[in-house]
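# A structural walkthrough
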Amino acid sequence: SKIALVGAGGVGGAVAHLAAMADMADEIALIDIAPGLAAATALDLNHASGITGVRARCTGGEDLSRVAGAEVIVVTAGRARAPGMTRADLIGVNTRVIQSAAEVIRTAAPQAVVIVVTNPLDEMTVEMLRATGFAREQVLGMAGTLDSSRFRNALAHAAGVFPADVQAITLGSHGEEMAPITSLARIKGRRLERFLTRDQIAGCVSDAVTGGGQVVALKKRGSATIAPAHASIEVMDHLRGARVGAVPVSVMLDGEYGIHGVVLGVPAHLGAGGLIEVEELRLSDEERAALHRAAEAIRGRLAP
Ligand code: NAI
């Protein structure tokens, strides 16, 4: 089995580390246009195997043709936000990166499931679908698992419980139009209002939406890497059957939630071939409206 990582920067490198530690594939191939970076990271990871006992072999280089034979490809290539930038500001520069990756993936790995991580996430997932011509089942955007983890972390912190006591997800866009779903969120199996005031809940919603920006602002150079890498691994675990149930991912909608022809974060069941089906949750009217607003905002930012 083979996993390919297009982009071996902060997020790609961290995904490689976690995938290697989980012995997720026989080969983990890293690819990055920065000369030497992917090969160096692969070597560094292999050098740890004498301690970890990991069997997965890491390989690395600059050439995109290394994606050949991969069942799963994680794309983190492109620019990350600098302080003060929105994710949407990256659309121009990263569209070209996604297009160049897609051109090779289309022919070298036509059966692969592609997980897009590059921002702006929903728009770049649309671009990957367009440029590969792949079926919607094969192209997933990673954001909901990260945003949901940030939301659960905020709720747990506010309520003074452990994150494992919290069930909560976010849907919608990976950005301003994110829709943290409070109506279905539970702490120790109970509604949020049993533990938190309205203001506290609003604060947690805000933390989910701004969490990525908080890291960017503190770091000055580059974006979050650790939580995004774990969130990518969560999606990969669903693909390989190591986790089951619905998980929030960005997929091209085909009528689900009354939305057509735009990529949006929704709960979905995944398997080896990618998307199995979108789960339609019973949302509040307000949350449903937020999903539709997110869909229209993303549609408005897409190239015609
Ligand atoms: P980074 O700058 O550390 O790494 C990006 C890497 O992509 C660089 O090493 C660069 O050389 C490489 N690259 C650029 N163009 C390439 C090409 N055409 N082919 C191959 N490699 C190429 O950035 P970082 O922190 O890893 O973030 C990567 C992307 O992921 C950014 O767009 C960021 O905004 C996004 N991101 C998305 C998240 C999500 O939840 N979806 C979470 C965190 C980051």
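Counting of residues starts from 1 at the beginning of each chain's written sequence and follows it residue by residue. Only residues with pLDDT of at least 70 are given local features in this predicted model, and only at 80 or more are side-chain atom pairs given and counted; all residues enter the totals for whole chains, interfaces and linings. Heavy atoms throughout the structure, all of them, feed into the side-chain values; hydrogens and water do not.

## A word on the site of the ligand
Our working rule: One heavy atom within 4 Å of a molecule or strand is enough for the residue carrying it to be called near that molecule or strand. For this analysis, a polar contact is any N or O atom pair within 3.5 Å, provided that within protein one partner can donate a hydrogen and the other can accept it, and provided that sequence-adjacent residues contribute only side-chain to side-chain pairs. All accessibility values rest on the Shrake-Rupley procedure with a 1.4 Å probe; residue burial counts only the protein chains present in the view. Numbering goes from the N terminus for both helices and strands, where a helix is a DSSP run of H or I of at least four residues and a strand is a run of E of at least two.
Residues in close proximity to the ligand total 27 residues, the closest being Gly10, Val11, Asp32, Arg79 and Met142. Between Asp32 and the ligand, the recorded distance is 2.6 Å, taken from a side-chain N or O atom to an oxygen atom. For the ligand, an oxygen atom lies 2.9 Å from a polar atom in the side chain of Asn119. Burial of the ligand by the protein amounts to 85% of the accessible area it has alone, namely 860 Å². Listing elements by their share of the shell around the ligand, those giving two or more residues are helix 1 (10–21) and helix 4 (91–108).

## Quick notes on the sheet that holds strand 11 (residues 190–191)
Basically, it comes down to this: Two strands form a pair only when DSSP identifies at least two bridges running between them.
Here we have three strands laid out as an open sheet, ordered 7-10-11, and antiparallel in their pairing. Of all strands in the sheet, those with a lone pairing partner are strand 7 (166–167) and strand 11, marking the two edges. Across two bridges, strand 10 (residues 186–187) lies against strand 11 in antiparallel orientation. Its bridge partner lying in strand 11, Ile187 is registered against Arg190.

## Thoughts on helix 4
For clarity, the cut-off: An expected span of 1.5 Å times one less than the residue number is assigned to each helix. A 1.4 Å probe rolled over the protein chains alone gives each residue an accessible area, and that area as a share of the maximum for its type sets the label: buried under 20%, exposed over 50%, partly exposed in between. Whether two residues touch is decided by their heavy atoms; if any such pair falls within 4.5 Å, the residues are in contact.
Between the first and last C-alpha of helix 4 there are 25 Å, a value that for 18 residues agrees with the 26 Å anticipated at 1.5 Å per step. Taken as a whole, helix 4 has its buried residues at Asn94, Thr95, Ile98, Ala101, Ala102 and Ile105. Against strand 1 (2–6), strand 4 (72–75), strand 5 (113–116) and helix 5 (121–132) lie the buried residues of helix 4.

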